[in-house]
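Here are the chains, one letter per residue:
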Amino acid sequence: MNLKISQTPYGNTLNCKGWVQEAALRMLLNNLDPAVAERPEDLIVYGGRGKAARNMEALELIIKALKNLEEDETLLVQSGKPVAVLPTHKDAPRVLISNSQLVPKWATQQHFDELEDKGLMMYGQMTAGSWIYIGSQGIVQGTYETYSALAKKHFNSNLRGKLNVTAGLGGMGGAQPLAITMNQGVCLAAEVEEWRIQKRLKTRYIDEIAYDIDEAIDKALQYKEEQKAISIGVVCNAVELLQRLIDRNIVPDTLTDQTSAHDPLIGYFPEGLTVEAAADLRKNNPDEYVKQSYATMAKHVQQMLELQKRGAITFDYGNNLRGRALEVGVKNAFDFPGFVPAYIRPLFCEGKGPFRWAALSGDPQDIYETDKLILELFPENESLKQWITMAQERIAFQGLPARICWLGQGEREKAGLAFNRLVAEGKVKAPIVIGRDHLDTGSVASPNRETEAMLDGSDAVADWPILNALINTAGGASWVSLHHGGGVGIGYSIHAGMVIVADGTEDAARRLKRVLHNDPAMGVIRHADAGYDIAKDTLRKHRLGL
Ligand code: NAD
């Protein structure tokens, strides 16, 4: 079959010499499916310039290598370019990927940009370069869980009658409006590029679009008053929306941001420029663009601090906006917390994180079968039941049908083995591929995000994600990746990914048992080591560690 990037193969016919290689091929192409990726024509999947392959030639070579790859060989990918196929064995990963790694002294955005210009590197973000991005559906439960934890902490239980302000409606940020309305709240989000809001309208992630800031604010206040869970995307710069709120003395109940601040050149729009003018400036005078970006980010953070002072529950949503503002002198930028220490870390301590799977058959019915199975496996888990029911009703599939579901230590291996049996018994039409975000319990060192404010001060210790990648390789994950700079930008993070295929065989069952045990265990061990009591309890309960 002659594959194009706009075509993800599905069904039961293999293009490769085994289902594991086939899964890698399908997930790579699924990452770039126009229904999934933000800018597939540039190989950009999401998150600023997060790419699936270095360039078209590299992509074609990866596809060719995967189609020819034997079951005792491993393909090596260096920053989006295939560099070797080496002999290994059946239980080894079929693909090993390293993206955007730089020796620490050289790990600056500027040096990375020089190397990228020379065609020597690519930015893999988190799941883009590790071929397990599944569109906004991949983040929506994490965003839902964050707002749900916030609602429990600050407002009894949900966001009913609360105004939630944010910005950035790209690949990941686009999940915010849906996650907020699923928690019963009103969402008002600023987005510079109209087409991004249109895309979210089409995929039912947002309810309304507005072009006038004051009208959008008035409508949002009306919905708040009427306690209606409706989301509005307004076409404007984040700083314009926040300034109007400040000028009109309107204080949102919650405030955050998911513009691509981690990338001042490609990801963030300075104020006062149209999209076209920004594109011109970015191309013709990148230094000036970056300067203006930083100035807007500083103002953006100052506005958030002002609204926080006036009473808005304000948090950073993992894009390093505070870090950027601090770089240009906003000394109190970190006065509002990151979302991990504020809301998510207790879940990480139980080994919980964004577990996900996709149906390689391409048939949504296969996902409904897995949903049924999940509910049978964990009948006591009420919030999981609520989540699966809501997801079935409200989340549109993008590309290969997929599901996301935060599962913890013990639960992931149970689910993985049950999926494998489903495949073996022919209850689904093709194998299931299982993966996760790098934003997970034991796979990331990122001091401005996942490992911000660790109890023992070990925020910047990056041995953990390296151990995570090594143990997943040793355990026999189907493909393993090690990245630098995801989420928060070059110099700020090191993180690892893993994907494993349930193809219904006994071999797969053994690998699934090992990998889906060890992978979250790394998170429990890491958090117990840092002194968290919940993690110590989980460690004892599951007999992990020494
Ligand atoms: P993306 O690049 O696909 O989208 C970013 C969006 O922000 C774009 O639509 C862009 O037009 C808009 N934007 C940029 N500057 C703006 C401004 N000043 N005002 C209004 N809109 C502006 O990125 P994404 O995948 O949505 O990720 C967004 C950020 O969130 C990234 O920094 C990413 O690393 C981070 N992230 C966070 C999480 C999390 O769980 N918290 C997960 C993944 C990614």
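Residues numbered from 1 in each chain as written. Predicted model: local features only at pLDDT ≥ 70, side-chain atom pairs only at ≥ 80, totals over all residues. Heavy atoms only, no water.

Our working rule: UniProt positions are given in the numbering used here, feature names are shortened, and annotations may be inferred rather than shown by experiment.
Under an unreviewed UniProt entry, the name given to the protein is Urocanate hydratase, and the source organism is Pedobacter chitinilyticus. Quoted verbatim from the Pathway (unreviewed entry) heading of the UniProt record, the comment on the protein is "Amino-acid degradation; L-histidine degradation into L-glutamate; N-formimidoyl-L-glutamate from L-histidine: step 2/3." Turning to the protein, the UniProt annotation filed under Subcellular location (unreviewed entry) states: "Cytoplasm".

**Focus: the overall build of the protein**
Put simply, the test is: In DSSP terms, a helix is any run of H or I states spanning at least four residues, a strand is any run of E spanning at least two, and both are numbered starting from the N terminus. Exposure categories follow from relative accessible area, calculated using a 1.4 Å probe and restricted to protein chains: below 20% of the type maximum is buried, above 50% is exposed, and the middle band is partly exposed. Contact definition: two residues touch when any of their heavy atoms are within 4.5 Å. Working definition of accessibility: Shrake-Rupley area with a 1.4 Å probe, residue cover restricted to the visible protein chains. The positive count covers Lys and Arg only, the negative count covers Asp and Glu only, and His and the chain ends enter neither. Where a charge lies is defined by one atom per residue type, namely NZ (Lys), CZ (Arg), CG (Asp) and CD (Glu).
A tally of regular secondary structure across the protein gives 18 helices and 17 strands. Dimensions of the protein, computed from the C-alpha atoms along their principal axes, are close to 65 × 55 × 45 Å. Split into buried and exposed, the 546 residues of the protein put 62% on the buried side. Sequence-distant contacts, at least 24 apart, represent 71% of the contacts inside the protein between residues at least 6 apart. Counting only carbon and sulfur atoms, one obtains 51% of the accessible surface of the protein, whose full area is about 20100 Å². Looking at charge distribution, the protein has the averaged site of its 60 positive side-chain charges lying 3 Å from that of its 68 negative ones.

**Describing the UniProt feature "domain: Urocanase Rossmann-like" (unreviewed entry) in the protein**
The positions that UniProt labels "domain: Urocanase Rossmann-like" (unreviewed entry) are, in the present scheme, residues 135-343. With 50% helix and 11% strand, residues 135-343 has end C-alpha atoms that lie 23 Å from one another.

**Focus: helix 3 (residues 109-117)**
Note the threshold: Here, the arc refers to the directions that run from the helix axis to the C-beta atoms.
For helix 3, the set of buried residues is Gln-109, Phe-112, Asp-113 and Leu-115. When helix 3 is viewed along its axis, its buried side chains cluster within an angular range of 165° and face the same direction. Exposed and oriented more than 90 degrees from the buried face of helix 3 are Gln-110 and Asp-117. Downstream of helix 3 by a residue or two, Gly-119 has a phi angle that is positive, lying close to 80°.

**Focus on the site of the ligand**
Heads up, the rule is: Residues are labelled near a given molecule or strand when at least one of their non-hydrogen atoms is within 4 Å of it. Whenever a nitrogen or oxygen atom comes within 3.5 Å of another N or O atom, the pair is scored as a polar contact, on the condition that within protein one atom can donate a hydrogen and the other can accept it, and that pairs from neighbouring residues in sequence are kept only if both atoms are in side chains. When residues are grouped by polarity, Ala, Val, Leu, Ile, Met, Phe, Trp, Tyr, Cys and Pro land in nonpolar, Asp, Glu, Lys and Arg in charged, and all others, Gly among them, in polar.
Inspection of the region around the ligand gives 33 residues, with Gly-48, Gly-173, Glu-191, His-262 and Gly-487 positioned closest. Separating a nitrogen atom of the ligand from a backbone N or O atom of Val-192 is a distance of 3.5 Å. Between an oxygen atom of the ligand and a side-chain N or O atom of Ser-260, the distance comes to 2.9 Å. Here the ligand, which alone exposes 860 Å², has 98% of that area covered by the protein. By residue class, the composition of the shell around the ligand is 12 nonpolar, 16 polar and 5 charged.

**Looking at the sheet that holds strand 10 (residues 254-255)**
Definition in use: DSSP-based pairing: two strands are paired if at least 2 bridges between them are found. To get an axis, a line is fitted to the C-alpha atoms, and for a helix only the part in contact is used. The angle between two axes follows their N-to-C directions and goes from 0 to 180 degrees.
Across the sheet, 6 strands lie side by side as 8-9-7-6-10-11; this open sheet has parallel pairing. The open sheet has two edge strands with one neighbour each: strand 8 (208-210) and strand 11 (313-314). Examined bridge by bridge, strand 8 and strand 9 (residues 231-235) share 3 bridges and lie parallel to one another. Bridging across to strand 9, Ile-209 finds its partner in Gly-233. With respect to the sheet, helix 6 (residues 194-202) is in contact with strand 7 (186-191), strand 8 and strand 9, its orientation differing from that of strand 8 by roughly 160°.

**Some points on the pairing of strand 4 (residues 81-87)**
Of the pairings in the sheet, the one linking strand 3 (residues 73-78) to strand 4 comprises 6 bridges and is antiparallel in character. Within strand 4, the position partnered with Leu-76 by the bridge is Ala-84. Connecting the antiparallel pair strand 3 and strand 4 is a turn made up of 2 residues, with Ser-79 showing a positive phi of about 40°.

**Describing the packing of helix 8 (residues 238-247) against helix 10 (residues 286-309)**
Here is the rule: Angles are sorted into four bins: roughly parallel if under 35 degrees, roughly antiparallel if over 145, roughly perpendicular if 65 to 115, and oblique for all others. For a crossing to be left-handed, the near helix must be turned anticlockwise from the far one by less than a right angle; the clockwise case is right-handed.
As a packed pair, helix 8 and helix 10 sit with axes 10 Å apart at the nearest point and diverge in direction by 30°. With respect to their mutual orientation, helix 8 and helix 10 come out roughly parallel. By crossing handedness, the relation of helix 8 to helix 10 is classed as left-handed. Contact residues: helix 8 offers Ala-238, Val-239, Leu-242, Gln-243 and Ile-246, while helix 10 offers Thr-296, Lys-299, His-300, Gln-303, Met-304, Glu-306 and Leu-307. Looking at side-chain class alone, the contact of helix 8 with helix 10 contains 6 nonpolar, 4 polar and 2 charged residues.

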